[in-house]
Amino acid sequence: QVQLVESGGGLVQAGGSLRLSCAASGRTFNTLAMGWFRQAPGKEREFVATIGGSGGTTYLTDSVKGRFTISRDNAKNTVYLQMNSLKPEDTAVYYCAARATPYTSDSYSSYPYWGQGTQVTVSS
């Protein structure tokens, strides 16, 4: 079993930055691919970014490319989502997720482990 705890959400003005963190426990961290998803009110949960177990492979959805960066520190069992140039449409609950393989995926259904979510609100 893998436990995930997110932190770093909050309220920020448009154009600002936030860094989300997700601490994992329960399994050797570099065997887990990690992902970030988000869910806005009234919308389905959507993929944001994923990173492989070694950190060498990353993939981000088009709407955040050039603004968001996903990274991980395997010594700290933590994955990060650096969010710059935030827009009001980035407002959502952001979820950290893990899959029991070091290979990346943008598919919601391939992640069996989820954090509780952290709210990000971007004001215009």
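Parameters at a glance
Residues numbered from 1 in each chain as written. Predicted model: local features only at pLDDT ≥ 70, side-chain atom pairs only at ≥ 80, totals over all residues. Heavy atoms only, no water. Helix = DSSP H or I, 4+ residues; strand = E, 2+ residues; numbered from the N terminus. Rg over C-alpha atoms; globule rule 2.2 N^0.38 Å. Buried < 20%, exposed > 50% of the residue type's maximum accessible area, 1.4 Å probe, protein only. Contact = heavy atoms within 4.5 Å. Areas by Shrake-Rupley, 256 points an atom, 1.4 Å probe, with all protein chains shown as cover. Lys, Arg positive; Asp, Glu negative; His and termini not counted. Charge placed at Lys NZ, Arg CZ, Asp CG, Glu CD. Phe/Tyr/Trp six-rings, centres within 6.5 Å; stacked < 30°, edge-to-face > 60°. Core = buried A, V, L, I, M, F, W, Y, C linked by side-chain atoms within 4.5 Å. Disulfide = S-S within 2.5 Å.

Trainee: Which parts of the structure should I look at to understand the overall build of the chain?
Mentor: Counting its regular elements, the chain contains 0 helices and 11 strands. Going residue by residue from the N terminus, the α and β elements of the chain occur as β-β-β-β-β-β-β-β-β-β-β. Its C-alpha radius of gyration of 13 Å places the chain within 12% of the 14 Å reference for a compact globule of 124 residues. C-alpha atoms of the chain, sized along the principal axes, occupy 40 × 25 × 25 Å. The buried share of the chain, reckoned over its 124 residues, is 44%. Here the contacts in the chain between residues at least 6 apart in sequence split such that 60% fall between residues at least 24 apart. Surface accessibility of the chain: about 6000 Å² in total, with carbon and sulfur atoms responsible for 46%. Side-chain charges in the chain split into 11 positive and 8 negative, and the spacing between the mean points of these groups amounts to 5 Å.

Trainee: Is there a simple way to think about the packing of aromatic side chains in this case?
Mentor: Given two aromatic rings, their pairing is described by the distance between the two centres and the angle made by the two planes. By the definition in use, this model includes 8 aromatic pairs. Considering the side-chain rings of Phe 37 and Trp 114, the 5.0 Å spacing of their centres and the 55° angle between planes classify their relative orientation as tilted. Taken together, the positions of Phe 37 in strand 4 (residues 33-39) and Trp 114 in strand 10 (residues 113-114) put the pair 77 residues apart, joining distant regions of the chain. For Phe 37, a relative accessible area of 0% translates into the label buried. Plain terms: the ring middles of Tyr 108 and Trp 114 are 5.0 Å apart, the flat faces sit at 45° to each other, and that makes the pair tilted. Looking at Tyr 108, the relative accessible area reads 43%, which means it is partly exposed. Taken together, the ring pairs connect Phe 37, Phe 47, Tyr 59, Tyr 95, Tyr 108, Tyr 111 and Trp 114 into an aromatic cluster.

Trainee: Looking at this structure, I do not really get unusual backbone geometry. What am I missing?
Mentor: Among all residues except glycine, the phi angle is most often negative; among peptide bonds, the trans geometry is most common. Positioned with a positive phi, Asn 77 is a non-glycine residue whose angle comes to about 55°. In this fold, Asn 77 is placed in the loop between strand 7 (68-73) and strand 8 (78-83). One non-glycine residue, Ser 85, adopts positive backbone phi at about 50°. Accessibility expressed as a relative area gives 41% for Ser 85, which makes it partly exposed.

Trainee: Help me out: how do you make sense of the nonpolar core in this one?
Mentor: A general trend in soluble globular proteins is that nonpolar side chains are found buried together. If you look at the biggest cluster of nonpolar residues, it comprises 30 residues, and the most contacted ones within it are Met 34, Trp 36, Leu 81 and Tyr 94. Sorting the residues of this core by element identifies strand 3 (18-25), strand 4, strand 5 (46-51), strand 7, strand 8, strand 9 (92-99) and strand 11 (118-123) as the ones contributing at least two each. Contact partners of Tyr 94, with chain neighbours within four places excluded, come to Glu 6, Leu 20, Trp 36, Phe 37, Arg 38, Val 48, Phe 68, Leu 81, Met 83, Gly 117, Thr 118 and Val 120.

Trainee: So what exactly am I meant to see when it comes to the state of the cysteines here?
Mentor: One way to say it: the disulfide is the covalent bond shared by the sulfur atoms of two cysteines. As enumerated under the stated definition, the model contains 1 disulfide in all. A disulfide bridge connects Cys 22 with Cys 96, and the sulfur atoms are separated by 2.1 Å. Across the S-S bond of Cys 22 and Cys 96 the torsion is about -80°, and the bridge reads as left-handed. Within this pair, whereas Cys 22 is found in strand 3, its partner Cys 96 is found in strand 9, the two being separated by 74 residues in sequence. Across this residue pair, the class does not change: Cys 22 and Cys 96 are buried.

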